[in-house]
Structures are given as structure tokens and as C-alpha cells.
Amino acid sequence: MKIEDYLKSNSNNSIKTYINKLIKRVLLTTIVILSVLIVCNLNKNFKAFINENVYETNYNFSKINTLYKKYFLDIKNNAEDKVTNLVNKNNILDYTETKEYKDGVLLSVSDKYPVKMLESGLIVFVGNREGINSVIVQQSNGIDVIYGNIDAKDIKVYDYIEKGTIIGETIENELYLAFYKDRKVLSYEPYIKY
């Protein structure tokens, strides 16, 4: 047998093997999807379980990202990181007085105050929220934080930002902070005392 004939027969066999594997995978996937659909239609409890756990539950993707970074890969590309890290990470907040406002607190700070992340987390919103320029962060500890009255620079939605990193600066001399967990307002006091 010539080498050319051998290569042609092996390439035909590998194509046939690939097509067989592909057909088996498609059939298996179809069977699994149809089985799940049948179970959903027959069992109302299963359907309620899916609705509750898929559509109504708020998952903390920042926690998932932390676990992913810890055990698998670091999704943050340091070469493309445009956010400046703070040299002294111990002094996160520097304010002179507090005033309750809406669901959170207004901190009196210096004009153009550099706003730093209180905890590592995932940016889930950047923009105008209820008339205030805001950034919403889903922290690794499960708490959502609204940073309001800030001009956010060089960050975008789904960026993962480390604790102590500057995310912007205040527009005036006040910084608004609000803390939530599972859509419930939390007292701001334990989170602003560092």
C-alpha cells in the first residue's frame, strides 16, 4: 500500500469518526433537552423550582469570579488594567462628616475626592441612576454598593476591581454610598468605619 492511499483512507476514517461523534452528541443533547421539557410539563413542583432558582434568584457573580480567580484563572488582564491602584490601601475613606440620605449616607469629602473601592467586586452598573452619576458594585462579600455623585473614569460594566482601587472622583464635595444585600437596605455605619 502506498503512503498516499494510506493517508486518504485515514482521512476518510477520521472524517467518518468525527461525523459519528457529532451525530451522537446532537442526539444525546436533544434527548436531554426533551427529557427536561417533559419533566417540567409533568411536574409542577419542578417547574416552580426552576422558576425560583433561575428567574427569581439574584446570584452574586462577584463571588463566583473570586472563586474562579482563586481556583482556576485570573480573568483580569493586568496589562490592560486602566485603573490606578492606590498605594496606601489601609486608608479607604477620608471624610469629615456624615448625613443620612435616601437609602444610604452622604459623606463630606474634599472636592474631586478620589473614590476607592471598599471591597473587591464586579462593576454591574455605570451611569445616571435617579439623577445621580453612580457606580454599582457587586462585592465579593455578597453586598451590593452604590457609589453616587462620582465621575467614573476608565471603568466599565463587568470589570472586576480590587479593594482600594480608585474608580473615579467625586463631582462635588460629597460622596453617596448605599449598601444592599438580597435587595434589602443595610445600615451604612459598619461599612464606612475603617
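**Notes on the pairing of strand 9 (residues 166–170)**
No. 1: Bridge count between strand 3 (residues 114–116) and strand 9: three bridges; the pairing is antiparallel. What sits directly across from proline 114, in strand 9, is glutamate 169.
No. 2: Bridge analysis of strand 7 (residues 150–152) against strand 9 gives three bridges, and the strand direction is antiparallel. Residue aspartate 151 lies in a different strand from strand 9, and its bridge partner there is glutamate 169.

**Overview of the packing of aromatic side chains**
No. 1: In this structure the tally under the stated criterion is two aromatic pairs.
No. 2: Aromatic pair tyrosine 101 and tyrosine 176: ring centres 5.7 Å apart, planes at 85°, arrangement edge-to-face. Of this pair, tyrosine 101 sits in strand 1 (residues 98–101) while tyrosine 176 sits in strand 10 (residues 174–181); the two residues are 75 residues apart in sequence, bridging distant segments of the chain.
No. 3: You can call tyrosine 101 partly exposed: its relative accessible area is 32%.
No. 4: Take tyrosine 176: its relative accessible area is 5%, and that puts it in the buried class.
No. 5: Between phenylalanine 179 and tyrosine 191, the aromatic rings sit 4.9 Å apart at their centres with planes inclined by 20°, giving stacked as the arrangement. Residue phenylalanine 179 is located in strand 10, and its partner tyrosine 191 is located in helix 4 (residues 189–192); the two are separated by twelve residues in the primary sequence.

**A look at a nonpolar patch on the surface**
No. 1: There is a patch of nonpolar side chains on the surface, built from Ile15, Tyr18, Ile19, Leu22, Ile23, Val26 and Leu27 and spanning about 680 Å² of accessible area.
No. 2: On the basis of relative accessibility, which here comes to 48%, the residue valine 26 falls in the partly exposed class.

**Remarks on the pairing of strand 2 (residues 104–108)**
No. 1: Within strand 2, four of the five residues are buried, leaving the element largely enclosed by the surrounding structure.
No. 2: Here strand 1 runs beside strand 2; their pairing, made up of four bridges, is antiparallel. From the neighbouring strand, tyrosine 101 faces strand 2, where its bridge partner is glycine 104.
No. 3: Two elements, strand 2 and strand 10, share four bridges in a ladder whose sense is antiparallel. The partner of leucine 107 across the bridge, within strand 10, is leucine 175.

Rules behind the numbers
- Residues numbered from 1 in each chain as written.
- Predicted model: local features only at pLDDT ≥ 70, side-chain atom pairs only at ≥ 80, totals over all residues.
- Heavy atoms only, no water.
- Pairing = 2+ DSSP bridges.
- Helix = DSSP H or I, 4+ residues; strand = E, 2+ residues; numbered from the N terminus.
- Phe/Tyr/Trp six-rings, centres within 6.5 Å; stacked < 30°, edge-to-face > 60°.
- Buried < 20%, exposed > 50% of the residue type's maximum accessible area, 1.4 Å probe, protein only.
- Patch = residues over 30% accessible without salt bridge, like charges linked within 9 Å, V, L, I, M, F, W, Y side chains within 5 Å.
- Areas by Shrake-Rupley, 256 points an atom, 1.4 Å probe, with all protein chains shown as cover.
- Salt bridge = Lys/Arg side-chain N within 4 Å of Asp/Glu carboxyl O.

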